[in-house]
Amino acid sequence: MDTGISLYRRWRPQNFDEVAGQTHVVRTLKNMVEGGKINHAYLFTGPRGTGKTSVARILARAINCLGPLQGNPCGKCLPCNNLLIGYSMDILEIDAASNRGIDEIKDLRSKVSFTPAILKYKVYIIDEVHMLTPEAFNALLKTLEEPPNFVVFVLATTEPHKVPPTIASRCLRFDFRNLSEEDMINLLKKVCEHEGFSIEEKSLLILIKASQGSLRDALTYLEQVESFAGKEMKDEDVYIVLGIPSPAWVRDYLLDLLLKRRENGINRVEELVRLGRDFRQSIRQVIIQLRNLIIVRMGEGSKKIFVDEELLTNTSAVPIEELIIVLDRLISQENELRFSLDPRLTLELFTLKEASPASIKLPVKEGRVTLKHEEILTETKTISVPAVSETIFSLDSFIKFIKETKKHFIFGSMIGLAKEYSFINNDLTLFYRVKEKAQLEFLNKEKGNLEKMLSEFVKTPSTISLKYIPEKDSDFDLRQDPIVKKALELFEGSSLIVRKVDEDEK
Ligand SMILES: [Zn+2]
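Keep in mind that this is a model prediction, so the values were computed, not measured.

Q: Help me get a handle on the overall build of the protein, residues and values and all.
A: What the protein contains, in helices and strands, is 25 helices and nine strands. Residues counted as buried form 39% of the 506 residues belonging to the protein. Expressed as a percentage of contacts within the protein between residues at least 6 apart in sequence, the contacts between residues at least 24 apart total 71%.

Q: Quick rundown of helix α13 (residues 247–258)? Include the residues and the values.
A: A rise of 1.5 Å per residue sets the reference length of α13, with its 12 residues, at 16 Å; its end C-alpha atoms lie 16 Å apart and thus fit the reference within 8%. α13 sits mainly inside the fold: nine of its 12 residues count as buried. Residues Val250, Arg251, Asp252, Tyr253, Leu254, Leu255, Asp256, Leu257 and Leu258 constitute the buried set of α13. Of the residues flanking the end of α13, it is Lys260, one or two places downstream, whose phi is positive at about 55°.

Q: Quick one: what's the story with the packing of helix α14 (residues 262–275) against helix α18 (residues 343–354), residue by residue and with numbers?
A: Contact geometry of α14 with α18 gives a least axis separation of 9 Å together with a crossing angle of 160°. Here α14 is positioned roughly antiparallel relative to α18, judged by the angle of their axes. Note on packing geometry: the crossing formed by α14 with α18 is right-handed. Side by side, α14 and α18 meet where Arg262, Gly265, Ile266, Val269 and Val273 of the first sit next to Arg344, Leu347, Glu348, Thr351 and Leu352 of the second. Across the contact of α14 with α18, the residue classes break down as five nonpolar, two polar and three charged.

Q: Explain the nonpolar core to me, using residue names and the numbers behind them.
A: Within the largest apolar cluster, 72 residues are counted, with the highest numbers of intra-cluster contacts made by Val154 and Leu155. Among the elements that take part in this core, helix α3 (residues 52–64) stands out by supplying seven residues, more than any other. Taken domain by domain, this core gets at least three of its residues from each of domain 1 (7–175) and domain 2 (181–242). Sequence-distant contacts of Leu155, defined by excluding residues within four places in its chain, comprise Ala41, Tyr42, Leu43, Ile126, Val129 and Cys171. If you look at the next biggest cluster of nonpolar residues, it comprises 23 residues, including Leu290, Leu293, Val326 and Ala355.

Q: With reference to specific residues and values, describe the packing of helix α10 (residues 201–211) against helix α12 (residues 235–242).
A: Running from N to C, α10 and α12 point in directions that differ by 15°, and their axes come no closer than 9 Å. Looking at the two axes, α10 sits roughly parallel to α12. Taken as a pair, α10 and α12 cross one another with a handedness that is left-handed. Across the interface between the two elements, Ser203, Ile206, Leu207 and Ala210 of α10 pack against Asp235, Val238 and Leu242 of α12. Of the residues in the contact of α10 with α12, the class split is five nonpolar, one polar and one charged.

Q: So what about helix α15 (residues 279–297)? Which residues, and what values?
A: Between its first and last C-alpha atoms α15 spans 27 Å; for 19 residues at 1.5 Å apiece the expected length is 27 Å, and the two agree. Two residues or fewer after α15 comes Gly299, characterised by a positive phi angle close to 80°.

Q: Give a detailed account of the environment of Lys353, specifying residues and quantitative values.
A: By the secondary structure assignment, Lys353 is in helix α18. Lys353 sits in the partly exposed class, given 19 other C-beta atoms within 10 Å. Note: C-alpha distance between Lys353 and Leu257 (96 residues apart in sequence) is 9.1 Å.

Q: Talk me through the pairing of strand β1 (residues 41–45); I want residue IDs and the actual numbers.
A: In terms of residue burial, β1 counts as a mostly covered element, since five of its five residues are buried. Every second residue of β1 is oriented toward a common face, with Ala41, Leu43 and Thr45 on one face and Tyr42 and Phe44 on the other, all of them buried. Pairing of β1 with strand β4 (residues 151–157), which is carried by five bridges, proceeds in the parallel orientation. Bridging from a neighbouring strand, Thr45 pairs with Thr157 of β4. Note that β1 and strand β5 (residues 172–175) share four bridges and pair parallel. What sits directly across from Tyr42, in β5, is Leu172.

Q: Before we move on, could you go through the confidence of the model for the protein and cite the residues and values that matter?
A: Confidence in the prediction for the protein averages 80 pLDDT; 81% of positions are at 70 or higher. In the predicted structure, residues 491–506 sits below a pLDDT of 50 and forms 18 contacts with residues beyond four places in sequence or in another chain.

Q: If you had to explain the environment of Phe44 to someone new, which residues and values would you point to?
A: Within the secondary structure layout, Phe44 lies in strand β1. Along the backbone, Phe44 and Phe176 are 132 residues apart, and their C-alpha atoms lie at a distance of 7.0 Å. Sequence-distant contacts of Phe44, that is, excluding residues within four places in its chain, are made with Lys52, Val55, Ala56, Val154, Ala156, Phe174 and Phe176.

Rules used throughout
Residue positions within a chain follow its written sequence, with the count starting from 1. This being a predicted model, a pLDDT of at least 70 is required before a residue's local features are given, and a value of 80 or more before pairs of side-chain atoms are given or counted; all residues contribute to the totals for chains, interfaces and linings. Each helix is a run of H or I in the DSSP string that is no shorter than four residues. Each strand is a run of E no shorter than two, and both are numbered from the N terminus. As a rule, residues whose C-beta atom has 12 or fewer other C-beta atoms within 10 Å are exposed, those with 20 or more are buried, and those in between are partly exposed; C-beta atoms are placed from the backbone. Note on contacts: each residue gets a C-beta atom placed from the backbone, and two residues are in contact if those atoms are within 7 Å. In a helix, the anticipated span is given by 1.5 Å times the number of residues less one. Axes here mean lines fitted to C-alpha atoms, for a helix over just the part in contact, with angles spanning 0 to 180 degrees between N-to-C directions. Should an angle fall under 35 degrees it is taken as roughly parallel, and over 145 as roughly antiparallel, whereas 65 to 115 is taken as roughly perpendicular and any remaining angle as oblique. Definitions for this section: a left-handed crossing has its near helix turned counterclockwise from the far helix by less than a right angle. A right-handed crossing has that turn clockwise. Under the convention adopted here, Pro, Cys and the residues Ala, Val, Leu, Ile, Met, Phe, Trp and Tyr are nonpolar, Asp, Glu, Lys and Arg are charged, and Gly plus all remaining residues are polar. Here, a nonpolar core denotes buried Ala, Val, Leu, Ile, Met, Phe, Trp, Tyr and Cys residues that are linked to one another through C-beta atoms within 7 Å. Domain start and stop positions are those given by an automatic or database domain assignment. Strands qualify as paired when DSSP identifies two bridges or more between them. Scored from 0 to 100, pLDDT records how confident the predictor is in each individual residue.

Spelled out as structure tokens, the structure:
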């Protein structure tokens, strides 16, 4: 086996039939080569990693091949071999992204009319053609208007709308599609078989998800797993390389959130810490699994969508609307983790909130009195609709301001725990449940600082009020709840609630 050459380069398709997932493009190109109908300019469009450059190279070989086989380059003749090795002076690849192509296009203009040195066709492959400068485009257009009959252009781009219509209209356009999960899995299986890798299909699927449709990335990940674990790759090796938790963890954490198992949820976060897994990657896996669950529950899943059986069975009573709300919050959480200085605390708070038995059922609406907790709070529905200027205030934006601009993650998270808020006459009232006594008291002590931040945020002097909302189970004592106890212990490490409250609370 070739060593030293990356898996991706080794597995670059050598003919049209080896190209993954672009059947429509490949079939047309083969027919054209077979029929001898060669255009002077092609425009290949599509996302990165879908094979545009590979197909351009195959096309260059196929039209120069002395004996093409059903439109494919034979791979045996001199031009084929010449091009296979990549040393033909008649094939020129220009990367417009690297220097915007000014010099190359000038050079191209001066040399384009010379007949090819060895081959039948001179082929110019211009990658990321939309990056060319207007001057370079003009020069290219002049060439395209009257191309010598031995010149073929292949223009490739990820952003076809940025290619001037005068250029695009002179090209035969082919749209490359994102590779489907099925295309990718088939190819990776083939690669593993040839390379003698042993790996389970569900691990390959995880690699594919992590690579977000790019075959190049998927092969790079596979190579990393191999260099870490050798040819016998266990699931765990894939998770370690990608920094993600096992599917069992993902399933159990989702069950904790959906079935409101707070204590388990907190333990699950601790497990991530212990295994040194990346929080954002982990939440991303949870998002993928929940998304799949929703698709399957909606009855739109194909057989290829992987959903854990146990997850499917145990969450059958959870309404689909609730799944969608949790998905929405997980997506926000993933984004929040990107900015968090203390991702562990952020994730713990999220887990506590989301997995608490009386967790929020309604989506958060920005800019007005928000009812997050309808089933408990009925009388606050009568709060008057705020004036227009006040509807601009958004608690989420304020929290973001505190966390990102002021770098006060704890304040932000504590405010985020409010179940209800109003912003009327420059007074922000936050409503907490009795259970959140510790948070309320903590914020009360910091009220001066908070009001300063709020005034800065809304650019006018403002006040903050902290209130309790009526609870059905108001006799429930926060400190007796084992999960809250545990959470308080965790926060103590960050010099938070427990110590402060207990010290100042005589
Ligand atoms: Zn050939």
